[in-house]
Amino acid sequence: MNAKKASTMSAIALTVLLAGCSSSTGTTSTASPTPAAKETAAAATATPAAKKVTITAESFKSDQKEKNDQLDQRIARFKAKNPNVDFKKDDWQYNPLEIGIKMASNSAPTEYTTYATEGKVLVDKKWVADITDSMSAWAHSKDMNDLLSKPFVVNGKTYGVPIDGYVMTITLNKKLFKDKGVALPPMDWTWDDLLDAARKINDPAKGIAGFIPMGKGPEAGWNWTNFLYAAGGDVQKLDNGKVVGTFNSDAGLQALEFYKKLKDENLIPQNWALGYGDALNAFAQGRGAMVMCGSGNAADTAINEGGISKDDVVVYPMPSFTKGGKHTGVLGGNYRVINPKSDKDQQEVAFKWITDEYFTDDFLNSTQKEIEDRKGKNRVYIPQPINYWKDSSDFGKKYTDLLTKYDNVFKYDPQLLALWDGKPEAQYEAQKFYTEMANVIQKVFTTKDVDLKKALSDAAAKVQTETFDKVKVE
């Protein structure tokens, strides 16, 4: 939505007054207007100056010079089109432990970036503005990706604009399958298909694991949650304004049993305590046939760092629990939101600022430059499999057409986008939940006869009393 321009009621009133005087005389004057009359007429018909609006935009820390330079250039482009807008900059980066203080002290920027897990929390606490009207009036509202927009659409209202996002996937090293003479599993695969493939590729003597899960830190719980979702489970629910954990369920137990099979059959790396980067590097080095990851990062690391041919890498959706079931994976990403304590003019300008360079040739041109730069360095461009736009939109088609012009662009199997299903991350204290589940997963990987039901029940009780019960839903 364009920023509103201030109306000039005095000019309108003067025009009416002049018209009224003319009609009352019933005569037409042929005399030339005096200079004073000319000035009065000009004042009555001039376009009023747009109201000055100042917004505080999110910037970057001082050591991130390149990003700040790019931000300054973007501000300059915006001001050239909107000279009535002034900018202040704030290098505060969103932190769930600090946002309450920022809002209470009214020191949060006019707009800031947050992530998918925060949608419901920020809306419930009234720390983000309702931008439904601005989104509806925007020319590109119907071109936005519905799946990616979902975490910030609450009760039918929109509170955030997606920047980027991911649905969890599993990346396969096709060369390892070829070397073993093993056919790739079907794209519409199941947990059993994953286990079967892992068994056939697994070669501990050569240091090759069938499957590489993340086993260290919150990312271990993040990985596991995909199997919880695929089995039909969830992390939490709201019950009379209280957050109640729901992962201590049949689905949660089935997901843990699946992990136990991976360990019991020695299908994971001997050194399974891998963080995010560790797991991706192991895959890039050919030490595992499959790895779980959001976005195209696993493919990027394997191809551009590990030297694996782009033709030997394929990205699959999460396997379904049973044949024909949903291929549900964790949906996450980054979102731009607006401070509800800013006034109406600031909110309208902030929305315009956030979306100003969406769906523009500038983005396409910068993408083309990056592809060509990578080609010159013998590197492959890995596009994100999910973007803020619909692939079927005019812009989406332009983007696709651009990618097809180059041979150093990684391509996703069309079945991936047709099959995958994204479910947003838990909206309350997701990171603490992931951390506690990481402890459970480590027990599964280290304790031969671990009682899975007890481990899950103990974790649920701890997360409930130490974390979920302390969440105040307003």
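Residue numbers run consecutively from 1 along every chain, following the written order of its sequence. Local features in a predicted model are, by the rule used here, given only for residues with pLDDT of at least 70; side-chain atom pairs are given and counted only at 80 or more, and totals for whole chains, interfaces and linings are based on all residues. With hydrogens and water stripped out, all remaining heavy atoms of the structure feed into the side-chain values.

Caption draft 1: Structural detail: the overall build of the protein. In this description a helix means any DSSP run of H or I spanning at least four residues, a strand means any run of E spanning at least two, and both kinds are numbered starting from the N terminus. Looking only at helices and strands, the protein has 19 helices and 13 strands in total. Across the 474 residues that make up the protein, the buried fraction comes to 50%. In this description, contact between two residues means that some pair of their heavy atoms is separated by no more than 4.5 Å. Taking all contacts inside the protein whose residues are at least 6 apart in sequence as the whole, residues at least 24 apart take part in 79%. Of the roughly 22900 Å² of accessible surface on the protein, a fraction of 50% belongs to carbon and sulfur atoms. Exposure classes here rest on a 1.4 Å probe applied to the protein chains alone. A residue is buried below 20% of its type maximum, exposed above 50%, and partly exposed in between. In short, Shrake-Rupley with a 1.4 Å probe defines the accessible areas, and a residue's cover is counted only from the protein chains shown.

Caption draft 2: Molecular detail of the sheet that holds strand 11 (residues 313-317). The strand order 10-7-11 describes an open sheet built from three strands, whose pairing is antiparallel. Strands with a single pairing partner mark the edges of an open sheet, and in this sheet they are strand 10 (290-293) and strand 11. Recorded for the sheet is a direction-independent mean angle of 30° between the axes of neighbouring strands. Pairing between strands is defined by DSSP: at least two bridges between the two strands are required. Here strand 7 (residues 169-173) runs beside strand 11; their pairing, made up of five bridges, is antiparallel. Bridge pairing in strand 11 links Ile 170 to Tyr 316. Axes here mean lines fitted to C-alpha atoms, for a helix over just the part in contact, with angles spanning 0 to 180 degrees between N-to-C directions.

Caption draft 3: Geometry of the layout of surface pockets. Taken as a whole, the largest pocket encloses approximately 1800 Å³ of empty space. Within this scheme a cavity is a closed region of a 1 Å grid, computed over the protein atoms alone, that accommodates a 1.4 Å probe without allowing it to escape, whereas a pocket is open but has protein on both sides within 12 Å along at least five of seven lines; lining residues each have an atom within 4 Å of a point. Lining the largest pocket are 42 residues, and of these Phe 60, Gln 70, Ile 163, Asp 164 and Phe 363 lie nearest its centre. Gly is placed with the polar residues, together with every amino acid not listed as nonpolar (Ala, Val, Leu, Ile, Met, Phe, Trp, Tyr, Cys and Pro) or charged (Asp, Glu, Lys and Arg). For the lining of the largest pocket, the per-class residue count stands at 14 nonpolar, 15 polar and 13 charged. These domain limits were set by an automatic method or by a database of domain assignments. Looking at which domains feed residues into the lining of the largest pocket, each of domain 1 (53-165 + 332-403) and domain 2 (170-328 + 430-470) gives three or more. Grid points are joined across faces, edges and corners, and a volume is the space filled by probe spheres set on the points. The volume enclosed by the second largest pocket comes to roughly 540 Å³. Lining the second largest pocket we find 22 residues, and of these Pro 96, Leu 97, Glu 118, Val 121 and Glu 429 sit closest to its centre. Residue assignment for the lining of the second largest pocket shows that the elements contributing at least two residues are helix 4 (99-104) and helix 18 (430-446). Tallying contributions element by element places helix 18 first for the lining of the second largest pocket, with three residues. Here the lining of the second largest pocket spans two domains, since at least three of its residues come from each of domain 1 (53-165 + 332-403) and domain 2 (170-328 + 430-470).

Caption draft 4: Geometry of the pattern of salt bridges. Just to be clear on terms, a salt bridge is a Lys or Arg side-chain nitrogen sitting within 4 Å of an Asp or Glu carboxyl oxygen. Per the stated rule, a full pass over the model turns up 28 salt bridges. Asp 311 is paired through a salt bridge with Lys 310; the nearest N and O atoms lie 3.7 Å apart. Residue Lys 310 is classed as partly exposed on the basis of its relative accessible area, which comes to 24%. Note that Glu 370 and Arg 374 form a salt bridge whose closest N and O atoms lie 3.6 Å from each other. Taken together, the residues span about one helical turn, with Glu 370 and Arg 374 both in helix 15 (residues 361-376) at a distance of four residues. Residue classification places Arg 374 among the buried positions, given a relative accessible area of 17%.

Caption draft 5: Fine view of the packing of helix 10 (residues 218-230) against helix 18. Where helix 10 contacts helix 18, the two axes come as close as 6 Å, and the packing angle between them is 90°. Here helix 18 runs roughly perpendicular to helix 10, going by the angle between their axes. Contacts between helix 10 and helix 18 pair Pro 218, Ala 220, Gly 221, Trp 222, Trp 224 and Thr 225 from the former with Gln 431, Phe 433, Tyr 434, Thr 435, Met 437, Ala 438 and Ile 441 from the latter. Each residue belonging to the contact of helix 10 with helix 18 can be placed in one class, and the counts come to nine nonpolar, four polar and no charged. The scheme is simple: roughly parallel for angles under 35 degrees, roughly antiparallel for over 145, roughly perpendicular for 65 to 115, oblique for anything else.

Caption draft 6: The arrangement of the packing of aromatic side chains in detail. Stacked, edge-to-face and tilted are the three classes for Phe, Tyr and Trp ring pairs, Trp counted by its six-membered ring, which pair at centre distances within 6.5 Å; planes under 30 degrees apart are stacked, over 60 edge-to-face, the rest tilted. One pass over the structure, following the stated rule, counts 33 aromatic pairs. Where Trp 191 meets Phe 321, the ring centres are 4.8 Å apart and the plane angle is 75°; that geometry is what we call edge-to-face. Note that Trp 191 is positioned in helix 9 (residues 191-201) and Phe 321 in the loop between strand 11 and strand 12 (327-338), a separation of 130 residues in sequence. Judged by its relative accessible area of 5%, Trp 191 falls in the buried class. By relative accessible area, which is 31% here, Phe 321 ends up partly exposed. Ring-pair connections join several aromatic residues into one group, and the members of that group are Trp 138, Phe 351, Tyr 358, Phe 359, Phe 363, Tyr 388, Trp 389, Phe 395 and Tyr 399. To sit over a ring, a charge needs its Lys NZ or Arg CZ within 6 Å of the ring centre and within 35 degrees of the ring normal. We note Arg 74 situated over the ring of Trp 353; from NZ or CZ to the ring centre the distance is 3.8 Å. The ring of Tyr 229 has Lys 423 lying over it, and the distance from NZ or CZ to the ring centre is 5.2 Å.

Caption draft 7: Broad picture of the confidence of the model for the protein. Residue-level pLDDT values for the protein average 88, and 89% of them are 70 or greater. Scored from 0 to 100, pLDDT reflects the predictor's confidence in each residue. pLDDT under 50 marks residues 1-47. Its contacts with residues more than four places away, or in other chains, come to 25 contacts.

Caption draft 8: Structural detail: the environment of Asp 124. Checked against the element boundaries, Asp 124 lands in helix 5 (residues 119-124). On the basis of relative accessible area, Asp 124 is assigned to the buried category, the value being 12%. Distance in space between the C-alpha atoms of Asp 124 and Val 154 is 9.5 Å, their sequence separation being 30 residues.

Caption draft 9: Structural context of the packing of helix 10 against helix 11 (residues 250-264). Relative to each other, helix 10 and helix 11 sit at 115°, their axes nearing to 8 Å. Both helix 10 and helix 11 take part in a crossing whose hand is right-handed. In this structure, helix 10 contributes Ala 220, Asn 223, Trp 224, Phe 227 and Leu 228 to the contact, and helix 11 contributes Ala 251, Gly 252, Ala 255, Leu 256, Phe 258 and Tyr 259. Split by residue class, the contact of helix 10 with helix 11 holds nine nonpolar, two polar and no charged. Take the far helix as your reference; a near helix turned counterclockwise from it by less than a right angle gives a left-handed crossing, and one turned clockwise gives a right-handed crossing.

Caption draft 10: Expanded view of the nonpolar core. Buried Ala, Val, Leu, Ile, Met, Phe, Trp, Tyr and Cys residues form a nonpolar core when they are joined through side-chain atoms within 4.5 Å. If you look at the biggest cluster of nonpolar residues, it comprises 109 residues, and the most contacted ones within it are Tyr 112, Trp 224, Phe 247, Tyr 259 and Met 290. The greatest single-element share of this core, amounting to nine residues, is contributed by helix 18. Split by domain, this core shows at least three residues from each of two domains, domain 1 (53-165 + 332-403) and domain 2 (170-328 + 430-470). What Met 290 contacts, discounting residues up to four positions off in sequence, is Ile 170, Thr 171, Leu 172, Trp 189, Leu 194, Ala 197, Ala 198, Gly 210, Phe 211, Ile 212 and Phe 283. Core analysis: the next-biggest nonpolar cluster, separate from the first, contains 33 residues, Ala 57, Val 85, Ala 350 and Trp 353 among them.

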